[in-house]
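Here is what each chain is made of, one letter per residue.
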Amino acid sequence: MSELTATADADSAHTPVELILLRCPEVFCYKVPPQASAAGHRAEDWNLGEPRFTGRLHLVGVGSTLECRVLKQDDGDDAPVAVCPVRTGDKAPPVDAVVCAVVDSSRYFVFRCEDAKGRRAYLGVGFRERDQAYDFKASIDDFVRAA
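No experiment lies behind these values; they were computed from the predicted model shown.

A. Highlighting the side chain of Ser-139. As for its position among the elements, Ser-139 is in helix 3 (residues 130-146). Beyond its immediate chain neighbours, meaning those up to four positions away, Ser-139 contacts Leu-21, Leu-22 and Leu-59.

B. Molecular detail of the pattern of salt bridges. Scanning all chains against the criterion turns up 10 salt bridges. Here Arg-42 ties to Glu-44 by a salt bridge, and the two come within 3.2 Å at their closest N and O atoms. Looking at Arg-42, the relative accessible area reads 34%, which means it is partly exposed. Judged by relative accessible area, which is 53%, Glu-44 ranks as exposed. A salt bridge links Asp-96 to Lys-137, with the nearest nitrogen and oxygen atoms 3.8 Å apart. Note that Asp-96 is positioned in helix 2 (residues 95-98) and Lys-137 in helix 3, a separation of 41 residues in sequence. A relative accessible area of 55% places Asp-96 in the exposed class. With a relative accessible area of 23%, Lys-137 lands in the partly exposed category.

C. Geometry of the side chain of His-41. In this fold, His-41 is placed in the loop between strand 1 (18-31) and strand 2 (53-62). Residue classification places His-41 among the buried residues on the basis of a relative accessible area of 13%. A polar contact is formed between the side chain of His-41 and the side chain of Gln-35, at a distance of 3.4 Å. Setting aside chain neighbours within four positions, we find His-41 in contact with Val-32, Pro-33, Gln-35, Val-102, Val-103, Asp-104 and Val-110.

D. Structural context of the environment of Pro-25. Here Pro-25 is to be found in strand 1. The spacing of Pro-25 and Gln-73 is 48 residues in sequence and 7.7 Å in space, taken between C-alpha atoms. What Pro-25 contacts, discounting residues up to four positions off in sequence, is Gly-55, Arg-56 and Gln-73.

E. Structural view of the environment of Ala-146. Checked against the element boundaries, Ala-146 lands in helix 3. We classify Ala-146 as exposed; its relative accessible area is 70%. On a C-alpha basis, the gap between Ala-146 and Tyr-30 in space is 31 Å, while along the polypeptide they are 116 residues apart.

F. Spotlight on helix 3. The terminal C-alpha atoms of helix 3 lie 24 Å apart, and with 17 residues this matches the ideal 24 Å at 1.5 Å per residue to within 8%. Those residues of helix 3 lying buried are Ala-133, Phe-136, Ser-139, Ile-140 and Phe-143. Each buried residue of helix 3 lies within a common arc of 125° when the element is viewed along its axis, so the set occupies one face. Away from its buried face by more than 90 degrees, helix 3 exposes Arg-130, Asp-131, Tyr-134, Arg-145 and Ala-146.

Criteria and cut-off values
Residues numbered from 1 in each chain as written. Predicted model: local features only at pLDDT ≥ 70, side-chain atom pairs only at ≥ 80, totals over all residues. Heavy atoms only, no water. Helix = DSSP H or I, 4+ residues; strand = E, 2+ residues; numbered from the N terminus. Contact = heavy atoms within 4.5 Å. Salt bridge = Lys/Arg side-chain N within 4 Å of Asp/Glu carboxyl O. Buried < 20%, exposed > 50% of the residue type's maximum accessible area, 1.4 Å probe, protein only. Polar contact = N/O pair within 3.5 Å; in protein donor to acceptor, adjacent residues only side chain to side chain. Expected span 1.5 Å × (residues − 1). Arc of directions from axis to C-beta.

Set out below in structure tokens:
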């Protein structure tokens, strides 16, 4: 075996497999104002008629982490605009702290997104149809249950 082949094999052994669990072709993304009450976020506070942008959503399993990747809808680039990592394990935060359903609708969620430096931002994400929102939530629950 050549050195180049051995290096490639070693790199692939450390690269986690990515499994796409869900693709949603259209989601609406909003700036989330600070939470007004302990009851939770309310989608009606987001100016729902004017989303910041319309994007796509991919749920991707990467090892023991599920990444909610928000991508721009209009460009062909598959680089995510925002990533919300849902970690599993004993020290992981609860799923509801990372992907939080709003209290006034079943189609809207708040994502706690993180960048490579660990900085956090909150993004409101809405689905056009209730069925899409249900599939999204069910995919997250299935991944967490299986992990």
